[in-house]
Structures are given as C-alpha cells and as structure tokens.
Amino acid sequence: MESTILISKTENSKFLKISVNIWFTVVVFGQFLFALYILGLYGVSGIAGDFERWNEASAHGYVEKDILGNIVFGIHIALAAIITIGGPLQLIKKVRSRFPKFHRINGRIYIGTAFLISIAGLYLTWIRDAVGGLPGGIFITINGVLIIVCAFYTAKFAIERNLKVHRKWAICLFLAMSGVWFFRVFLMLWLTIHQAPVGFDMNTFQGPALNMLYTFSYILPVILATFYFKAKQSQSGKPRLIISIFILILTCCIAVGTFSATMGMWLPRL
Ligand code: HEM
C-alpha cells in the first residue's frame, strides 16, 4: 500500500515536471514570436526613421512634437524586446548551471529592465493616455507594481544568496513580466472562441470581458505560481496531479491564443 502511494507520488512529480516543461516550451516559443514582431515592426521602422509606423498597433506610439513621450515609448519598446528574449533564458536550468556568469549578467539586465520598463509604462499610461481608458490604466498599473515588487525581491534574495526563495520570486517576476504577452494571447483566444468582440467595446476598448482578461493575464499567474509551489512541496500527490492537468489545459489555450495572435495581430503588421 505504502509503496503504491510512493509510486503515485513520484509519478505525479514527473507528470508535474513534464506539464511545466511543455507549458514553458510553448510560452518561450510564443514570446520569441512576440519579440520578432517587436523587432520587425518597431525596430525596423525606427531604424529607417519611419516612426509613423509605430502607430499601427498603438494609438499613441509616435505623437508629433511630443519628443519626450516618443523617446519613452521607444525605450519601452527596446526594453520589451530585451526582456522578451532574455527572460526565458534565466529560467532554463541548463543555461543557469552551464553558464553561471551569463545568468548573473543577464539577471542584472533583466531586473534593471523590469524596473525601467514598468516606469516607462507608467509614464505612457498616465501622462500619455493609453488605450483602454481608466480600467485598462488601473489594471496595467497593478501589473507594473507587481513587476517592481517581484524584481525587488528577486534581486534581494539573490544578493542574500537565499537561492531557494530567489528562484520562487524569479518565477513570479517572469510571470508578471509576461502579463502583457498573456493579455494579447488570451484576448486573441477570446476573439477566436467568440468570433466577435463579445463583452467589450472595440472602440473604447473597455468592458467586463477585458477586465476579466486583464485579471487573468496580469494578476492570476502570480497567484497561481504560489499554488504550484505548494503543490510541488505537498506530501500528497493529489495537488500535483490537479495542478499538472490545469497547466496542460492552460497550455492548450495558450497555444491556440499564440497561433491566433501571430496570424491575426503580429504577422499582418510586419
Ligand atoms: C514587462 C513587459 C512589457 C512588454 C514586453 C511590453 C510591450 C509593449 C509593446 C510591444 C507595446 C506596443 C503595443 C503593441 O505593439 O502591442 C507596448 C505599449 C505600451 N505599454 Fe508595454 N510592455 C510591458 C510592460 C508594460 C507595463 C508594466 C506597462 C504599464 C505600467 C506598460 C504600458 C504600456 C503602454 C501604456 C503602452 C502604449 C499603449 C497605447 O498605445 O495606448 N507596458 N508595450
């Protein structure tokens, strides 16, 4: 009896590991496509001096005579490309163990970028006016604050060499930093399911469906991470099994949303 429980516990641990690896692979691939879009649209047009193209996806990307705002937007976008490529590398175990120096340098860049991108994002939200009005502004601000808090504790525990806790905060930071990517992916999943902008107004970009998607993208991933940490340490195999199945279902949703975002949002703008 005891040995059966032990086997199922180990099997559930393996299942959890496999689920997380599949999830991570899909997320990394999806974020790589997002990074290609950022570089392809904003990078290429920025280098060519064709700043008008910044407004293809963003209502206030390039605003004539707003030099400071345009610089902040440009910095925000450049940092977005850096973190979207550099972030996942920090969480790959083989990269950490084989290239510890790279992990430390990239980690410093990642944490510094987390602070800067959030501050630039807050400027764009509150000084420059962003798409989504007040609700959109409040939700993205929560995401920005969450990023800053997670970045602070990730750095703090790394400096104190408390690597176990550092890793947990680093995972939360990655999830918070992925919030804007999750939002685009879940929005496209929502539109694919409904084949119409159900639950929100396309013109104002406001509505209950968007508030739900903001919560799901900006806040819930960090909360879910705490359930994952608990399940991983649990004596019983059941929480691990439940969270593994949940992660696999979520991965299917993310894969569909990423495909829709790539085909419907990112590729057409390149
Ligand atoms: C941390 C990861 C982040 C990434 C990768 C990222 C990426 C981007 C990208 C690519 C755009 C251009 C729009 C598009 O082409 O889709 C954008 C715009 C913007 N971002 Fe971020 N961002 C991040 C975080 C934040 C945060 C934390 C905030 C706010 C606190 C923020 C606020 C904004 C605003 C206000 C815009 C302009 C939207 C508009 O035109 O109304 N971003 N971001």
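Just above, that's the structure.
Residue indices begin from 1 for each chain and proceed along its sequence in written order. In keeping with the predicted nature of the model, local features appear solely for residues at pLDDT of at least 70, side-chain atom pairs appear and are counted solely at 80 or more, and the whole-chain, interface and lining totals rest on all residues. Excluding hydrogens and water, the side-chain values take into account all heavy atoms of the structure.

## A few points about the overall build of the chain
Part 1: Where helices and strands are cited, they refer to DSSP runs of H or I of at least four residues and of E of at least two residues respectively, numbered from the N terminus. Within the chain, the regular secondary structure consists of nine helices and zero strands.
Part 2: Start at the N end of the chain and walk to the C end: the helices and strands fall as α-α-α-α-α-α-α-α-α.
Part 3: Along the first, second and third principal axes, the C-alpha set of the chain runs to 75 × 45 × 30 Å.
Part 4: Per-residue accessibility, obtained with a 1.4 Å probe over protein chains only, is compared with the maximum for each type, and a residue is labelled buried under 20%, exposed over 50%, and partly exposed between these values. Counting all 270 residues of the chain, 41% fall into the buried class.
Part 5: The long-range share in the chain, meaning contacts at least 24 apart out of those at least 6 apart in sequence, stands at 69%.
Part 6: Per-residue and other accessible areas follow the Shrake-Rupley method at a 1.4 Å probe size, with only the shown protein chains counted as cover for residues. Total accessible area on the chain is roughly 14700 Å²; 71% of this is exposed by carbon and sulfur atoms.
Part 7: The positive charge centre, built from 24 side chains, and the negative charge centre, built from 10, are 20 Å apart in the chain. Contacts: residue pairs with any heavy atoms within 4.5 Å of one another. Only four residue types enter the charge count: Lys and Arg as positive, Asp and Glu as negative, with His and the chain ends excluded. Taken as the charge centre is NZ of Lys, CZ of Arg, CG of Asp or CD of Glu, depending on the residue.

## Things to note about the coordination of the iron atom of the ligand
Part 1: Each metal site lists N, O and S donors within 2.8 Å (3.2 Å for Na, K and Ca). With water left out of the atoms, a site can look as if it is missing ligands. Inspection of the coordination sphere of the iron atom of the ligand shows a single protein donor, His76 (NE2), at 2.1 Å.
Part 2: Here His76 is to be found in helix α2 (residues 67-91).

## Notes on the site of the ligand
Part 1: Nearness here has a simple test: a residue counts as near a molecule or strand if at least one of its heavy atoms is within 4 Å of that partner. The full set close to the ligand counts 27 residues, and Tyr37, Tyr42, Ser58, His76 and Val131 are the nearest of them.
Part 2: Between the ligand and the protein, one listed contact pairs an oxygen atom with a side-chain N or O atom of Arg184 at 2.8 Å.
Part 3: In terms of residue count, helix α4 (residues 100-126) provides more of the shell around the ligand than any other element does, six residues in total.
Part 4: Side-chain classes follow a simple rule in which Ala, Val, Leu, Ile, Met, Phe, Trp, Tyr, Cys and Pro form the nonpolar group, Asp, Glu, Lys and Arg form the charged group, and the remainder, Gly included, forms the polar group. For the shell around the ligand, a count of residues per class yields 18 nonpolar, eight polar and one charged. In the analysis that follows, any N or O atom pair within 3.5 Å is treated as a polar contact, provided that within protein one partner can donate a hydrogen and the other can accept it, and provided that, for residues neighboring in sequence, both atoms belong to side chains.

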